[in-house]
Amino acid sequence: MKHITSRDNAFYKELKQLATSSQARRKAGQSLLDGVHLCQSWLELRGAPEHCVVSEGALSNTEVAAIIKRCEALHAHVSVLPDALFGAISQVEHGVHIVFVVASPTPSKAPGLVESSVLLDGVQDPGNVGSILRSAAASGIKQVYCSPGTAFCWSPKVLRAAMGAHFVLDIFENIELAPLVRAAQVPVLATSGYAAERLYALDLRRPVAWVLGHEGQGVSSELLELATHRVAVPHAGQVESLNVAACAAVCFFEQLRQIQA
């Protein structure tokens, strides 16, 4: 266990860059997992992190102590920061001060749409993207394809919203979705508040690919034209449409309900 006390420490400067810059995370191919839950999930599902970093104040926390013990058993680097220094690398208010530095997983070549999948067409809000990933993982979907313009899936905000879903998904980023849809081997269902087909009238007992669009503009016209079905989620009341993350959850779990029926 190494104690770092200086703001000028080279590793500490790298941590601050990873914590504050998406460009730095992409360039380094690394992500920060902030908080006990994400760190525990990584250990359970992926193994040792590249580095475990804790604050001095967190050392007395029993969950943190258990994580450190596992990291040391796996020969992962563990560093301790004064609370004041740790505050600059964490975006979680009132959280337990522990982060993992991990290599952002890079799946092999995208296999194409051959099983149930999610396609994110310019979904920009990190909270929405994280919630969609969490619902996808919880409903048994394994693959997520993100177009250019979709929020970076390994950003801290998306990671926190997804609550560990990343670690059981294959996530493909910066994917041109139209060629993927053209070559699809499963039905492609594009969500739209203006579609004539209703979600609950569809047979979802087989694999499908769900297309979810930008918060304001929805799914692009090109993808709507290419889709096998354009699907609306029925709702009552005066609101125009559901939030994209809520729409995703309804769709995914209707599919799961039909499969398990």
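Predicted, not measured: the structure shown is a model, and the values here were computed from it.

Q: I'd like to hear about the side chain of Asn 128, residue by residue, with values.
A: Inspection of the secondary structure assignment puts Asn 128 in helix H6 (residues 126-138). Overall, Asn 128 belongs to the buried group, its relative accessible area being 10%. Apart from the residues lying within four places of it in its own chain, the contact partners of Asn 128 are Val 123, Glu 215, Asn 243, Val 244 and Ala 245.

Q: So what about empty space enclosed by the protein? Which residues, and what values?
A: Where empty space is left in the structure can be found by rolling a water-sized probe over the atoms. For the structure on display, the rule yields one cavity of 30 Å³ or more. Taken as a whole, the largest cavity spans an internal volume of roughly 60 Å³. Lining of the largest cavity is provided by Ala 19, Leu 32, Asp 34, Ile 89, Gln 91, Val 99, Pro 156 and Arg 160. Among the elements of the structure, strand S2 (30-34) and helix H7 (156-162) are those that each provide at least two residues to the lining of the largest cavity. Of the residues belonging to the lining of the largest cavity, the class tally is five nonpolar, one polar and two charged.

Q: Talk me through the packing of H6 against helix H10 (residues 244-260); I want residue IDs and the actual numbers.
A: When two helices pack together, their arrangement is given by the angle between the helix axes and by the axis-to-axis distance. Following both chains from N to C, one finds H6 and H10 inclined at 5 degrees, their axes separated by 9 Å at the closest point. Classified by the angle their axes make, H6 and H10 are roughly parallel. Residues Asn 128, Ser 131, Ile 132, Ser 135, Ala 136 and Ala 138 of H6 pack against Val 244, Ala 245, Ala 248, Ala 249, Phe 252, Phe 253 and Leu 256 of H10. Tallied by class, the residues present in the contact of H6 with H10 amount to 10 nonpolar, three polar and no charged.

Q: Summarise the sheet that holds strand S5 (residues 98-103); cite the residues concerned and give the values.
A: With mixed pairing, the five strands of this open sheet are ordered in space as S1-S4-S3-S5-S2. Whereas interior strands pair on both sides, the edge strands pair on one side only; in this sheet they are strand S1 (2-3) and S2. Where strand S3 (residues 51-55) meets S5, four bridges bridge the pair, whose relative direction is antiparallel. In the sheet register, Cys 52 faces S5, and the bridge partner there is Phe 100. The strands touched by helix H1 (residues 10-20) are S2, S3, strand S4 (77-81) and S5; relative to S2, the strand with the most contacts, the crossing angle is about 85 degrees.

Q: Please give an account of the pattern of salt bridges that cites residues and values.
A: What the rule picks out here adds up to four salt bridges. Between Arg 182 and Glu 222 there is a salt bridge, with the nearest N and O atoms lying 3.2 Å from each other. Taken together, the residues Arg 182 in helix H8 (residues 177-182) and Glu 222 in helix H9 (residues 221-226) connect sequence positions 40 residues apart. A salt bridge links Asp 203 to Arg 205, with the nearest nitrogen and oxygen atoms 2.9 Å apart. The exposed category is assigned to Arg 205, whose relative accessible area is 60%.

Q: Account for the environment of Ser 117, naming residues and giving values.
A: Structurally, Ser 117 can be placed in strand S6 (residues 117-121). A relative accessible area of 0% places Ser 117 in the buried class. For the pair Ser 117 and Ser 31, spaced 86 residues apart in sequence, the C-alpha separation works out to 24 Å. The residues contacting Ser 117, other than those within four sequence positions of it, are Ile 141, Gln 143, Tyr 145, Val 208, Ala 209 and Trp 210. Here Glu 115 takes part through its backbone oxygen, which lies 2.8 Å from a polar atom of the side chain of Ser 117.

Q: Which residues make up the sheet that holds strand S8 (residues 170-172), and what values do they have?
A: Spatially, seven strands are ordered S8-S7-S6-S11-S9-S12-S10 in an open sheet, and the strand pairing comes out parallel. Single-partner strands in this sheet number two, and they are S8 and strand S10 (197-198). Pairing of strand S9 (residues 188-191) with strand S11 (residues 209-213) involves three bridges; the strand directions are parallel. Directly across from Leu 189, in S11, lies its bridge partner Trp 210. On the sheet, H6 packs against S6, strand S7 (143-146), S8 and S11 and is oriented at approximately 170 degrees with respect to S6. H10 contacts S6, S9 and S11 of the sheet and is inclined by roughly 170 degrees relative to S11.

Definitions and limits used
- Residues numbered from 1 in each chain as written.
- Predicted model: local features only at pLDDT ≥ 70, side-chain atom pairs only at ≥ 80, totals over all residues.
- Heavy atoms only, no water.
- Helix = DSSP H or I, 4+ residues; strand = E, 2+ residues; numbered from the N terminus.
- Buried < 20%, exposed > 50% of the residue type's maximum accessible area, 1.4 Å probe, protein only.
- Contact = heavy atoms within 4.5 Å.
- 1 Å grid on protein atoms, 1.4 Å probe; cavity = no way out; pocket = protein on both sides within 12 Å on 5 of 7 lines; lining within 4 Å.
- Points joined across faces, edges and corners; volume = space filled by probe spheres on them.
- Nonpolar A, V, L, I, M, F, W, Y, C, P; charged D, E, K, R; others polar.
- Axes fitted to C-alpha atoms, helices over the stretch in contact; angles between N-to-C directions.
- Parallel < 35°, antiparallel > 145°, perpendicular 65-115°, else oblique.
- Pairing = 2+ DSSP bridges.
- Salt bridge = Lys/Arg side-chain N within 4 Å of Asp/Glu carboxyl O.
- Polar contact = N/O pair within 3.5 Å; in protein donor to acceptor, adjacent residues only side chain to side chain.

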